[in-house]
Amino acid sequence: YRQWAKKHSFESMLPGDIKAQKEKAEQAQQTINSHLTECKLAERVIPYSDKLFKQAAIEWLVATDQVCMIPLI
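Calculation notes
- Residues numbered from 1 in each chain as written.
- Predicted model: local features only at pLDDT ≥ 70, side-chain atom pairs only at ≥ 80, totals over all residues.
- Heavy atoms only, no water.
- Phe/Tyr/Trp six-rings, centres within 6.5 Å; stacked < 30°, edge-to-face > 60°.
- Buried < 20%, exposed > 50% of the residue type's maximum accessible area, 1.4 Å probe, protein only.
- Salt bridge = Lys/Arg side-chain N within 4 Å of Asp/Glu carboxyl O.
- Helix = DSSP H or I, 4+ residues; strand = E, 2+ residues; numbered from the N terminus.
- Polar contact = N/O pair within 3.5 Å; in protein donor to acceptor, adjacent residues only side chain to side chain.
- Contact = heavy atoms within 4.5 Å.
- Patch = residues over 30% accessible without salt bridge, like charges linked within 9 Å, V, L, I, M, F, W, Y side chains within 5 Å.
- Areas by Shrake-Rupley, 256 points an atom, 1.4 Å probe, with all protein chains shown as cover.

Student: What is the right way to look at the packing of aromatic side chains in this model?
Tutor: We describe a pair of aromatic rings using the distance from one ring centre to the other and the angle between the two ring planes. Considering all chains together, one arrives at 2 aromatic pairs under this definition. Ring geometry for W4 versus F10: centroids 5.5 Å apart, planes at 55 degrees, classification tilted. The class of F10 is partly exposed, set by a relative accessible area of 42%. Here Y48 and F53 contribute two aromatic rings whose centre-to-centre distance is 6.4 Å and whose plane-to-plane angle is 45 degrees, an arrangement assigned as tilted.

Spelled out as structure tokens, the structure:
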């Protein structure tokens, strides 16, 4: 059965094979977790200004293909 399954790219569903697949997946997850670290995000506050708000509004209108009835210029 195992030879046939391997030859036909079939995933074996025998209890021992399922257990081995789960252990392999858990090992892979542990390997990934050891490489991950949590990064602290630096707080960056962008000062408000009418000019920046207007620029952001125009960029949003263009990006979302919106129509603005209020003249922004």
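Student: Looking at this structure, I do not really get the pattern of salt bridges. What am I missing?
Tutor: Oppositely charged side chains may form a pair once their charged atoms are brought near each other. What the rule picks out here adds up to 1 salt bridge. Notably, a salt bridge pairs D17 with R2, separated by 3.2 Å at the nearest N-O pair. Residue D17 is located in helix α2 (residues 15-35), and its partner R2 is located in helix α1 (residues 2-7); the two are separated by 15 residues in the primary sequence. Judged by its relative accessible area of 17%, D17 falls in the buried class.

Student: I'm lost on the side chain of S12 in this one. Help?
Tutor: Note that S12 resides in the loop between α1 and α2. Polar contacts involving the side chain of S12 include one to the side chain of D17, which spans 2.4 Å. Apart from residues no more than four positions distant in its own chain, S12 is found in contact with Y1, D17, I18 and Q21.

Student: Help me understand unusual backbone geometry, please; the structure alone is not making it clear to me.
Tutor: The phi angle of most residues is negative, glycine excepted, and most peptide bonds adopt the trans form. Backbone geometry places S9, a non-glycine residue, at a positive phi of 55 degrees. Mapped onto the fold, S9 is located in the loop between α1 and α2. Taking the relative accessible area as the measure of exposure, S9 reaches 72% and is therefore exposed.

Student: Please explain a nonpolar patch on the surface as it appears in this structure.
Tutor: A cluster of nonpolar side chains, contributed by Y1, W4, F10, M13 and L14, occupies part of the molecular surface with about 530 Å² of accessible area. Within the secondary structure layout, Y1 lies in the segment before α1. Judged by relative accessible area, Y1 falls into the partly exposed class, the value being 47%.

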